[in-house]
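Residue strings, one per chain:
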Amino acid sequence: MKFPSTTATISGLLLAAIAFPAALAQTPPAKVVTRDELRVCMNSEAALAAQRKALEARNGQNTAETDAIRAEQQQLAEEQKLIREEETAKMERFVNRRVKPHNVRVQAAKASAEAFRADLEALNKGLLAHNEKCGGISFKAEDKEAILKEREPAKN
């Protein structure tokens, strides 16, 4: 059996090394969009950015409320330890005065967190839709400049 020469083997490997990346790089060219399509994508991007910023602010508020609830819960536990079990009247006043409002606050925080999660999921779906529609586009630089000029008066 005859083996190919070293030169032929190296030449073949070199040719494959050059051809393989070129074959991978042959992705279809990005779709060049019209100015109106670009405007829609840019508006979508701006709306999603504003929505993300609002959700970040809400997340900060939710975190602060959660921290405050935990601190209050610690205080309630310490107060409850001071009340002896046989002091039923004191315990009832404690529950009505401190524990029930705390529980209402906890329920409100849970509802707020659930609403936040739902809004965050909606944002993620919006981002996926935006990326699917606008992720692989190409546009003319003059179209983008024209749209940015259109937006300038709206900012002032």
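The shown structure was predicted, so the numbers you read here are calculated from the model rather than taken from an experiment. (Residues numbered from 1 in each chain as written. Predicted model: local features only at pLDDT ≥ 70, side-chain atom pairs only at ≥ 80, totals over all residues. Heavy atoms only, no water.)

### Thoughts on the overall build of the chain
1) Next: Within the chain one finds four helices and two strands.
2) Next: Listing the helices and strands of the chain from first to last along the sequence gives α-β-α-α-β-α.
3) Next: Out of the 156 residues belonging to the chain, those deemed buried represent 15%.
4) Next: For the chain, the exposed surface amounts to about 12200 Å²; the carbon and sulfur share of it is 58%. (Helix = DSSP H or I, 4+ residues; strand = E, 2+ residues; numbered from the N terminus. Buried < 20%, exposed > 50% of the residue type's maximum accessible area, 1.4 Å probe, protein only. Areas by Shrake-Rupley, 256 points an atom, 1.4 Å probe, with all protein chains shown as cover.)

### Quick word on the confidence of the model for the chain
1) Next: Here the chain averages 81 in pLDDT, while 78% of its residues score no lower than 70.
2) Next: Mean pLDDT across the elements of the chain ranges from a minimum in helix α1 (residues 6-24), with 54, to a maximum in helix α2 (residues 35-82), with 91. (pLDDT = per-residue confidence, 0-100.)

### Brief notes about the nonpolar core
1) Next: One finds V33, L38, C41, M42, C134, I137 and I147 forming the largest nonpolar core, which totals seven residues.
2) Next: Sorting elements by how many residues they give to this core places α2 first, with three residues. (Core = buried A, V, L, I, M, F, W, Y, C linked by side-chain atoms within 4.5 Å.)

### Overview of helix α3 (residues 88-134)
1) Next: Relative to the 69 Å expected for 47 residues at 1.5 Å per residue, α3 spans 66 Å between its end C-alpha atoms, a close match to the ideal helical length.
2) Next: Of all the bends in α3, the largest measures some 40° and sits at V95.
3) Next: Along its buried surface, α3 packs onto α2 and β2 (137-138). (Expected span 1.5 Å × (residues − 1). Bend = angle between axes of the 7 residues up to and from the residue. Contact = heavy atoms within 4.5 Å.)

### Focus on the side chain of H102
1) Next: Looking at the secondary structure, you find H102 in helix α3.
2) Next: Take H102: its relative accessible area is 6%, and that puts it in the buried class.
3) Next: Sequence-distant contacts of H102, that is, excluding residues within four places in its chain, are made with I69, E72, Q73 and L76.

### Re the packing of α2 against α3
1) Next: Contact geometry of α2 with α3 gives a least axis separation of 9 Å together with a crossing angle of 160°. On the basis of their axis angle, the class for α2 and α3 is roughly antiparallel. Along this stretch, α2 crosses α3, giving a crossing that reads as left-handed.
2) Next: Taken together, the residues of the contact of α2 with α3 sort by class into 19 nonpolar, eleven polar and eleven charged. (Axes fitted to C-alpha atoms, helices over the stretch in contact; angles between N-to-C directions. Parallel < 35°, antiparallel > 145°, perpendicular 65-115°, else oblique. Left-handed = near helix turned anticlockwise from the far one by under 90°. Nonpolar A, V, L, I, M, F, W, Y, C, P; charged D, E, K, R; others polar.)

### Focus on α2
1) Next: Taking 1.5 Å per residue, 48 residues should reach 70 Å; α2 reaches 71 Å between its end C-alpha atoms and fits that length.
2) Next: Taken as a whole, α2 has its buried residues at L38, C41, M42, L48, L55, N62, I69, E72 and L76.

### Brief notes about the pattern of salt bridges
1) Next: Under the definition given, this model contains ten salt bridges.
2) Next: For E65, the salt bridge identified is with R105, shortest N-O distance 2.7 Å. You can see E65 sitting in helix α2 and its partner R105 sitting in helix α3, a full 40 residues away along the chain.
3) Next: Residue E65 is classed as partly exposed on the basis of its relative accessible area of 27%.
4) Next: Overall, R105 belongs to the partly exposed group, its relative accessible area being 28%.
5) Next: One salt-bridge network, in which partners are shared between bridges, spans D36, R39 and E150. (Salt bridge = Lys/Arg side-chain N within 4 Å of Asp/Glu carboxyl O.)

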